[in-house]
Amino acid sequence: MRLARLLRGAASAGPGPLAARSSAGRSLTSHSGSGPAPERGVPGQVDFYARFSPSPLSMKQFLDFGSVNACEKTSFMFLRQELPVRLANIMKEISLLPDNLLRTPSVQLVQSWYIQSLQELLDFKDKSAEDAKTIYDFTDTVIRIRNRHNDVIPTMAQGVIEYKESFGVDPVTSQNVQYFLDRFFMSRISIRMLLNQHSLLFGGKDKGSPSHRKHIGSINPNCNVVEVIQDGYENARRLCDLYYVNSPELELEELNAKSPGQPIQVVYVPSHLYHMVFELFKNAMRATMEHHADKGVYPPIQVHVTLGNEDLTVKAGFGYGLPISRLYAQYFQGDLKLYSLEGYGTDAVIYIKALSTESIERLPVYNKAAWKHYNTNHEADDWCVPSREPKDMTTFRSA
């Protein structure tokens, strides 16, 4: 079933397959006419839209909609509902962070961006999709929101640094903050995906860019995996040469079990794959240069790319994974795993779904389980906590 048909269902008076639903099964679109309206004020609007779960899309749905049935009105009707739901869900989780973290200037700045973006989107809630100016203004708003959120990740990370430097963190708080950051960054990836798709398909100068002519929005239906890996390696190598005045070579092996002898191509977002391999190459090069500095001879970074019927695997030697690279891999149901061997190094393995129908967005949802995670002490009571002071064993001497 094509995405365009699903989107039309979501925008109709009755609940369609893509309509965002609450845990009680209610459709967000059912409130467009009769029924309770969102409460006024930002907190009330956030509470209302956070009642509904985001609607994950598959790579095939993104691809089919953009390549066959690209319709700006349909995209408008879907995004004006889906974007507020995704924003509100993660905004509820931001509000559960420790008070001192919420008071940091960086986190307050991020919150202001999300509030402003939500308000701008809700301005289109009751506007007609048949009005050409409304559609034009909405696309401008999407591009403006995308640009506003460019620095969300470093700004939120800076807020956490400010918090740790000022107040320190206990193990439980640290665990909760990391839980939040993983979900927050994944939410940000998903929101940006929707913003990019709309702006690149319908955003005037963006859709005419030569670099995107072969793409469906930000998706390349024939993404050449080896080319992206080589691009990431060359850019990481330039940085390595600047810092260490040398760099390890690349040894790349390609095995296409699905179509032997053919280049490995998958339906994927090249910028996501590039981010993963670039970060891994940077860290692999640093590890290689520092570990072999005394010898002056640097072993190559070995990369093995394998395509099967269902999965694409990229294995890079001597790498250190970064959390956001793993989130990019997990966003479409893939993964990034590290395998370490003392004295040898670390293998980083990227798994990507080869089938576009199985590459489905992995989205965080605000619900009771998420709320409990922030409000429960996760430190186990049935494990001893080591003392910082040495125990005085003389107290245990027998009489």
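Preceding block: the structure.
## Describing the overall build of the chain
Scanning the chain for helices and strands turns up 13 helices and seven strands. With 399 residues in all, the chain has 49% of them scored as buried. In the chain, of all internal contacts separated by at least 6 residues, the share reaching a separation of at least 24 is 76%. Summed over all atoms, the accessible surface of the chain reaches about 20,400 Å², with 51% contributed by carbon and sulfur.

## Regarding the nonpolar core
Ranked by internal contacts, the top residues of the largest apolar core, which has 94 residues, are F184, V225, Y268 and L273. Here the element with the most residues in this core is helix α9 (residues 171–202); it accounts for 11 residues. When sequence neighbours within four positions are dropped, the list of residues in contact with Y268 reads M59, S218, I219, N220, C223, L273, M276, Y328, A329, F332 and I352.

## Considering the side chain of S187
Tracing the chain through its elements places S187 in helix α9. Using a relative accessible area of 3% as the deciding quantity, one classes S187 as buried. Setting aside chain neighbours within four positions, we find S187 in contact with R86, I90 and P364.

## A closer look at the packing of aromatic side chains
One pass over the structure, following the stated rule, counts 16 aromatic pairs. Both rings, one in Y233 and one in F281, keep their centres 5.6 Å apart while their planes meet at 75°; by these two values the pair is edge-to-face. Residue Y233 is found in helix α10 (residues 225–244), and its partner F281 is found in helix α11 (residues 270–291); the two are separated by 48 residues along the sequence. Take Y233 and F281: they sit in the same class, and that class is buried. Each member of the aromatic cluster is reached from another via a ring pair, and the members are F62, Y268, Y331 and F332. Sitting over the face of the ring of F124, K127 holds its NZ or CZ atom 4.9 Å from the ring centroid.

## What about the pattern of salt bridges?
By the definition in use, this model includes 14 salt bridges. Residue K60 is joined to D64 by a salt bridge in which the shortest nitrogen-to-oxygen separation is 2.6 Å. Here the residue K60 and the residue D64 both occupy positions in helix α3 (residues 59–67), the gap between them amounting to four residues, near one helical turn. The exposure class assigned to D64 is buried, which follows from its relative accessible area of 10%. Among the salt bridges present, the one from R86 reaches E82, with a minimum N-O distance of 2.7 Å. Taken together, the residues span about one helical turn, with R86 and E82 both in helix α4 (residues 72–94) at a distance of four residues. Residue class for R86 comes out buried when judged on its relative accessible area of 3%. Take E82: its relative accessible area is 1%, and that puts it in the buried class. Sharing partners across several salt bridges, the network here consists of E82, R86 and E361.

## Let's talk about helix α8 (residues 152–167)
The end-to-end C-alpha distance of α8, which contains 16 residues, comes to 22 Å, matching closely the 22 Å that a straight helix rising 1.5 Å per residue would cover. The inward-facing, buried residues of α8 contact α5 (99–102), α6 (105–122), α9 and α12 (323–331).

## Comments concerning α6
The terminal C-alpha atoms of α6, which comprises 18 residues, lie 26 Å apart, in line with the 26 Å expected from a rise of 1.5 Å per residue. Turning to α6, its buried residues number three or more, namely S106, V107, V110, W113, Y114, S117, L118, E120, L121 and L122. Those residues of α6 that are buried lie in contact with α2 (42–49), α4, α5, α7 (132–148), α8 and α9.

## Thoughts on the environment of R192
Relative to the helices and strands, R192 is located in helix α9. Separated by 45 residues in the primary sequence, R192 and N147 have C-alpha atoms spaced 9.8 Å apart. Every residue in contact with R192, bar those within four places of it in the chain, is listed here: R146, H149 and N150.

Here is what the cut-offs are and how they apply
- Residues numbered from 1 in each chain as written.
- Predicted model: local features only at pLDDT ≥ 70, side-chain atom pairs only at ≥ 80, totals over all residues.
- Heavy atoms only, no water.
- Helix = DSSP H or I, 4+ residues; strand = E, 2+ residues; numbered from the N terminus.
- Buried < 20%, exposed > 50% of the residue type's maximum accessible area, 1.4 Å probe, protein only.
- Contact = heavy atoms within 4.5 Å.
- Areas by Shrake-Rupley, 256 points an atom, 1.4 Å probe, with all protein chains shown as cover.
- Core = buried A, V, L, I, M, F, W, Y, C linked by side-chain atoms within 4.5 Å.
- Phe/Tyr/Trp six-rings, centres within 6.5 Å; stacked < 30°, edge-to-face > 60°.
- Lys NZ or Arg CZ within 6 Å of the ring centre and 35° of its normal.
- Salt bridge = Lys/Arg side-chain N within 4 Å of Asp/Glu carboxyl O.
- Expected span 1.5 Å × (residues − 1).

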